[in-house]
Structure formats: structure tokens, C-alpha cells
Amino acid sequence: MESVENPLLQNFIFPPYDIIEAKHVQPAIHSLLRKLESDLIELENTVEPTWPKLVVPLEKITDRLSVVWGIVNHLSSVKDSPEFRAAIEEVQPKKVEFQLKLGQSKPIYNAFRAIRDSLDWVTLSDARKRVVELKLKEAVLDGVSLEDGERERFNQIQLELAKLSQKFEENILDATKMFEKIISDKNEVEGLPLTALTVAAEMAVLKGYAKATADDGPWAIMLYGPSYRSVLQHSCNRSLREEVYRAHVTRASDGTLNNTPIIERILELRLEKSKLLGYSNFAEVSMETKMATIDKAKDLLDKLHSASWNPAIKDMEDLRDFAIGQGAKEAKDINHWDINFWSERLRESKYDINEEELRPYLSLPKVIDGLFKLTKKLFEIEIEPADGTAPVWNKDVSFYKIKDFSGSPIAYFYFDPYSRPSEKRGGAWMDVVVGRTGVLSCDGTSTRLPIAHIVCNQTPPTHDKPSLMTIREVEAVFHEFGHALQHMLTKQDEGFVAGSQGIEWDAVELPSQFMENWCYQRDIIMNIAKHYETGESLPEDLCLSILSARTYRAGSQLLRQLRYAGVDLELHSNYVPGGPKSIYDIDQGVGKKTHLIPLLPEDRFLCSFTHIFSDKYAAGYYSYQWAEVLAYDAFSAFEEAGLDNDKALGEMGIRFRETVLALGGGKSPNEVFLEFRGREPSPDAFLRYNGLLLPAVVAG
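Residues numbered from 1 in each chain as written. Predicted model: local features only at pLDDT ≥ 70, side-chain atom pairs only at ≥ 80, totals over all residues. Heavy atoms only, no water.

This part is about the overall build of the chain. When helices and strands are counted, the chain shows 27 helices and seven strands. Radius of gyration (C-alpha) of the chain: 25 Å, near the 27 Å computed for a compact globule of 700 residues. Overall size of the chain, expressed as C-alpha extent along the three principal axes, is 80 × 60 × 50 Å. Going through the 700 residues of the chain one by one, you find that 57% of them count as buried. (Helix = DSSP H or I, 4+ residues; strand = E, 2+ residues; numbered from the N terminus. Rg over C-alpha atoms; globule rule 2.2 N^0.38 Å. Buried < 20%, exposed > 50% of the residue type's maximum accessible area, 1.4 Å probe, protein only.)

Right, here's the structure in full:
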């Protein structure tokens, strides 16, 4: 009876997001785990080393859990509440215990080994071979080879790590919400553009200042993305910039929300777990599921550092000279809270481009329309609104259907674009609702179609304007849509390696970063950039300015990413928990090589570094740079084909779709790239696009 009443356990195609509440989580997960426990016992008793007797029942078990837990996890990210937190905290240990039992199942592991060692191995498809190899590797990393006391300790560690990363995320959300600065004096908000003032006044209304207006205030300054970035880029009030910057880099680093002990404990447990598995540090464990090795990752970071250091020095000199020329008091003492402000002024001066003046030309509806037209041209798909087909969790969420050119549906996705600081975590992401698979289908057809969530945190619309975007926000939408395309356009029917499943983690950013490149093509900009009121196109000179400004401060931007990647690898390969160097000593050491202005001694950025402490990038943040090399190289194939040659572009698009987007984890990323590009990847395109390498001279 319970499963009929509980929306999480209904037999749905689209999750009933409109009626799922926190009260449903505990009974649903407990009931589901009881059912899956008995399914697992049944599988272990009847398992044979064949696809129907091993992989099919195993996929049914793992998929059911990942779909239901995925819904719960998603709602906690976009509709956070004390009730959701309490429900997750209560059921998470049981869920982790079941996953460990499944991951450490000897009968399942032995059956996969039997397939691997059988004479039939050579007859298996590439995708099925990848499934077997993936499952064997997963089992070893899940502790299948550990016995008794060691296994028990390993399981305790996994339980504690799950709890810690959940708490880490919650502390950041709460710390971000806690900071608010109400400003009534108009002089203190000088420089802030109307967009920022409008949002700040609307936030003030929510805080109880009913009469707040964009013109007269009061204004509420917050730490969530759009507000924070606006202050650092545009506020003429240096002390406000400093206050907001310091608050941002020390988020979740003191009091009851202090993430420092959580980080230290996470690193300690990861190291202990690695040693139980026979590795000397967690970076070695991480590299088991990557294309790179520790040495290759560090080698790439070193190469990129060499290419970006001198350009970054030049960036800083240009900034100082410009600030001196403007008579800035701080010109001789440029600090962290000055860099974004002065680099924005220099960009405006150098390229005659003002980010805020561009906003009216970059309205969300027009950007989405241009993105969909591009994907139609490249990949021969139609995307149409399907609002009303599926329930949603917020009125601002839209729903879409993707069809191939024959008109058959091939995928669906939700799009949740706007910032909601009171309940939604920051950043932008793509998540899987369900993946493509030949094994599971609600309506009895041969294949279950993939469904995705795309979530962003951009400036919300106001009562009289749509969401007006910066070029960076446009980039974020294209980026997440690239991830979604790999999930949705897969042709892989083996669920364990469909979409981005089973792809080595340092290759998963390839399609997302590939899509970003299209934001900087003239035709695409002219297509998406139409004034939201008049419909007029972006003036040609502004379009050219956007293209020229793309590589502006590229060396400095890359160094910042190298700090994140570098501190991540250091903490997971060389840091000694409880040793003489603290986590912040390690960060400061990396910062000396990546920041021309020393990091503040009180910088606690690590306390909000969700990628490595509550997401999947631990000892893997370098993946962004690794995949960027692949992505730029892939994009350069379209350049070589001719960006103004629609026929050649279409052919190259289909080739990209049939390899990078279609094959999923069914082949190794190296093979997939080779199949698309016809050669090994090269970093030249990445450096060239970032203005860090002079274009090669072509012989006449």
C-alpha cells in the first residue's frame, strides 16, 4: 500500500516533482532498500556469468536506487529545507550500507571475473567488455578484496565520508545565506549597475524592507554569485569590495559552520581508505578511474603554468598602469578586491565593451533559442517546449523534448535557470534523472529514453524584464547543455556505459567545454544577441569587441584554475593529516606559484571548495584542464572544416554526435577521440584560443 501512496515509489516516467515532500523520503528509502536487499540476495543465489543472469538484474537494482536517490538529492539541491536535511541525514547511512554490500558482493564480482576469463570474452561487444572491466575495477575500489576487520573499517569510513560531504555542502549554503549587508546610502552603491541594484532592492524587500527600490534603496548585498560578482566588478566603494571579498573567501570557516575540521577529517579518512586498498595516497585511487596518471596530470599543469605565468605578469602590469592613469589611490597597492573592478574598467576601455550594456542584448529566451538552433544545425535534432508534460519543482522550471529528424522523441530535459539563494545551492550543473538503457523501460518500448536536469544560478527576471545575462552566464548555459547533450544523445543501450556513465572522469568535461566555444563565434553571437525590447541585433563593433576580449587576462584566469587543480592534487598526494603543514599552508604554497598578489593569510577558500569535498572532483580538478585540451582540439576540427560552410559543418557535427556524444563509456575516451579526430589530442588549440601561443605560420 505504501508504494502506491508514496510518490517516490510510483512507477513514473517523469518524477512527480510537484508532490514529493521531505516526509516521503524516509518511508520511501526504507521501503526501497528492503526490496533491493531481497533482490540482491536473490541475485547472489541465482547468479551465473551471463548477461541475463548477472548484468540485467544488477542494472535493475542499481538503477532503481540511483533514480530514487537522485530525485531526493536533486530536491535537496534546489529546494533545501531543514526537513529535507533531516530526512537525508536519517536515511543516508542505510543507503551507503546497501551500496557497500552491493559493491562488495563476492558472488557478483566472481561472476564478472568468470566472464572476463571465459572463452566467450573475445565475442563480446566493446561496450560489454567495458561494462565488465568497469564493474571489476569498481568492486576492487569498493573494497571487495578486503576481509573482516579491514572491510568493517572501510565501510565505517565510507559512511562517515558520506555524512561529512553532506554537512560540508550544508554549511556553505548556510554561511552564504547568513551574510547580508543592508545599504541605505546611495553613495555606498556607486558604480553598481541597474541590474544589480534592482536585484539588491528585491532582495531587500524579501528581508522586510517593503519600500526598497532600485533607485532609492535600501539594497541588500549578499554572497551568492550574481550579487557578489557585481560588487567586485562594479562597485566604486573599495571598502565594500574588500568587505564582500573577505566574507566570500572566509565563508564557512568559523563558528558552528566551520568546514575546517570537516576537511581535515575527510582528508584523513580518504588517506586511510586508500591505504586499506593498497595505495599510498588518495590521488592514486582517483587516477584508477581517469585517463591520466598523477605524473601526466602534473606534467600538463606544469606546461600550462609555463604558458600562462608571463602573460599573467603582463596582465598585472597593464592593470597597474591603467589604474595609475585613472588616478586611483590604490594603484600602487592593488589587492584581491581591486582586480575584478580594475580589470573590468580596463576591458571597457581597451575593447570599448561594457558587460552591463551587453545585458539587454543577451536575454535568456533569445539565448536559448539561438542555442537550440545551433544544436539543430550541428546534430540534426529538434528541441521543443513540452511544459505541462512533466511535473516541476518550481514555477520557473521549463521542460523540453528532443526529437530526431524523423520526429521520434529521443530525450527530455528540465531547465531551472535562476538563482534562489534561500533554497538553491550555488553554481551550475547537469544531473541525470534517468539514463538510456535497453534493460528498463516504463512503457514497454525497447529502450528507456534519457532525461536530464540543467540547473543554473543566473540573474532572475524582474517584473518588467526577462533574465538579462552576461557573456559568462551564456557560457555557463552552453557548458551545462554540452553535458546534457552527451547524456541525451547517447546511442548506447548498455545502461552502465550510456551517456556519461563509465567515462573516465577527466574526459567528461569534453562536450561541455566544446559547447562553450560556440559562444564566441560571430554568427552565433549575432543569432543570440537581439535586444529584448526592440529585437535589434547587437551592433557589429560590439560583436567584434566580444570576440577580441575573449582572451583578455587569459593567463591570469588560467593560473587561478591551476591553483584549484594544484591544491587539490597536493592535498590528496602530499598532505599529511596532523603533520607540520596545515591544509592552509598547502594552499598558500600553491598560491605563491599561481597568484602574483599573495593570498590573504586568512584566505579560507578551501572551506567552500565543494568540487573536491562534496562532489566528484577529489584529486580530479585537473580534469577541467585535461578535458579543455580535448575540447579545444575537437572544436578546431570544425574550424578546419570551415565555420561558414554549413554543409561541412553539418557533416562534422554528425561525426561528433556519432562518436563523442553517442558512444558514451562504451569505448575508452582515447579511442573515441581518435575516432572523431583521426589523431591523438594536442594542446596547441587550447593555448592558441587562449592567446597563450602565437598561431603557427603556414608555409606559402
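As a further point, take the sheet that holds strand β4 (residues 398-404). One open sheet accounts for five strands, arranged β3-β4-β5-β7-β6; its pairing is mixed. The open sheet has two edge strands, β3 (381-385) and β6 (429-434), and neither has a second partner. Taken over all neighbouring pairs, the strand axes of this sheet differ in orientation by 25° on average, direction set aside. Pairing between β4 and strand β5 (residues 409-418): six bridges, direction antiparallel. (Pairing = 2+ DSSP bridges. Axes fitted to C-alpha atoms, helices over the stretch in contact; angles between N-to-C directions.)

Turning our attention to the environment of Lys-329. In this fold, Lys-329 is placed in the loop between α13 (294-325) and α14 (336-351). C-alpha separation for the pair Lys-329 and Ile-61, spaced 268 residues apart in sequence, amounts to 64 Å.

Looking now at the pattern of salt bridges. One pass over the full model with this rule turns up 46 salt bridges. Note that Glu-675 and Lys-667 form a salt bridge whose closest N and O atoms lie 2.7 Å from each other. The exposure class assigned to Glu-675 is partly exposed, which follows from its relative accessible area of 37%. A single salt-bridge network, built from bridges that share partners, covers Arg-238, Arg-241, Glu-330 and Asp-338. (Salt bridge = Lys/Arg side-chain N within 4 Å of Asp/Glu carboxyl O.)

Further remarks concern the side chain of Glu-344. Summarising the element assignment, Glu-344 is placed in helix α14. On the accessibility criterion, Glu-344 (1% relative accessible area) is buried. Every residue in contact with Glu-344, bar those within four places of it in the chain, is listed here: Gln-233, His-234 and Glu-355. (Contact = heavy atoms within 4.5 Å.)

One can find Leu-223 in the loop between β2 (219-222) and α9 (225-234). Filtering out sequence-adjacent residues up to four positions away, Leu-223 remains in contact with Thr-176, Phe-179, Tyr-228, Val-244, Ala-247, His-248 and Arg-251.

Moving on, we come to the nonpolar core. Residues Phe-379, Phe-413, Phe-478, Phe-514, Trp-518, Leu-538 and Phe-656 are the most contacted members of the largest nonpolar core, which totals 150 residues. Broken down by element, the residue count for this core peaks at eleven residues, all from α13. Residues within four places of Phe-478 in sequence aside, it is in contact with Val-367, Leu-371, Leu-374, Ser-512, Met-515, Glu-516, Trp-518, Cys-519 and Ile-524. (Core = buried A, V, L, I, M, F, W, Y, C linked by side-chain atoms within 4.5 Å.)

Right, let's get into the environment of Val-67. Secondary-structure assignment places Val-67 in helix α3 (residues 51-78). Judged by its relative accessible area of 6%, Val-67 falls in the buried class. Sequence separation of Val-67 and Pro-311 is 244 residues, and the distance between their C-alpha atoms is 46 Å. Those residues in contact with Val-67, other than ones at most four positions away along the chain, are Phe-12, Val-433, Val-434 and Arg-448.

For the peptide bond that leads from Gly-217 to Pro-218, omega is -5°, which places it in the cis range. Its place among the elements puts Pro-218 in the loop between α8 (194-206) and β2. We note that Asp-148 has phi near 40°; this positive angle belongs to a residue other than glycine. Here Asp-148 is to be found in helix α7 (residues 148-178). A relative accessible area of 64% means that Asp-148 is categorised as exposed. Of note in the backbone geometry, Asp-352 takes a positive phi value of approximately 50° without being a glycine. Tracing the sequence through the fold places Asp-352 in the loop between α14 and α15 (355-358). The exposure class assigned to Asp-352 is exposed, which follows from its relative accessible area of 59%.

A few words on the packing of aromatic side chains. Counting across every chain of the model gives 40 aromatic pairs. Their ring planes at 65° and their centres at 5.4 Å tell us that Phe-609 and Tyr-621 sit as a pair that is edge-to-face. Here Phe-609, found in the loop between α22 (583-594) and α23 (610-613), pairs with Tyr-621, found in the loop between α23 and α24 (623-641); they are twelve residues apart in sequence, far enough to count as distant. On the basis of relative accessible area, Phe-609 is assigned to the buried category, the value being 2%. A relative accessible area of 5% means that Tyr-621 is categorised as buried. Measuring from ring centre to ring centre gives 6.0 Å for Phe-635 and Tyr-689, while their planes differ by 65°; the resulting arrangement is edge-to-face. Taken together, the positions of Phe-635 in helix α24 and Tyr-689 in helix α27 (residues 684-689) put the pair 54 residues apart, joining distant regions of the chain. (Phe/Tyr/Trp six-rings, centres within 6.5 Å; stacked < 30°, edge-to-face > 60°.)

Looking now at the packing of α9 against α14. In the contact formed by α9 and α14, the axes pass within 6 Å of each other and the chain directions differ by 70°. What the angle tells us is that α9 and α14 run roughly perpendicular. Residues Leu-232, Gln-233 and His-234 of α9 touch α14, and the partners they reach there are Trp-337, Asn-340, Phe-341, Glu-344, Arg-345 and Glu-348. (Parallel < 35°, antiparallel > 145°, perpendicular 65-115°, else oblique.)

Averaged over every residue, the pLDDT of the chain is 94; residues scoring 70 or more account for 98%. Of the regions scoring below 50 in pLDDT, residues 695-700 engages in one contact with residues more than four places distant in sequence or in other chains. (pLDDT = per-residue confidence, 0-100.)

For helix α4 (residues 82-103), built from 22 residues, the straight-helix expectation of 32 Å at 1.5 Å per residue is met to within 8% by its first-to-last C-alpha distance of 31 Å. By the largest-angle criterion, Val-91 marks the main kink of α4, which is about 40°, and a proline, Pro-93, follows within four residues. Those residues of α4 that sit buried are Phe-84, Arg-85, Ala-87, Ile-88, Val-91, Gln-92, Lys-95, Val-96, Phe-98, Leu-100, Leu-102 and Gly-103. Looking at the buried side of α4, the elements it contacts are α2 (22-46), α3, α5 (106-117), α6 (126-141) and α7. (Expected span 1.5 Å × (residues − 1). Bend = angle between axes of the 7 residues up to and from the residue.)

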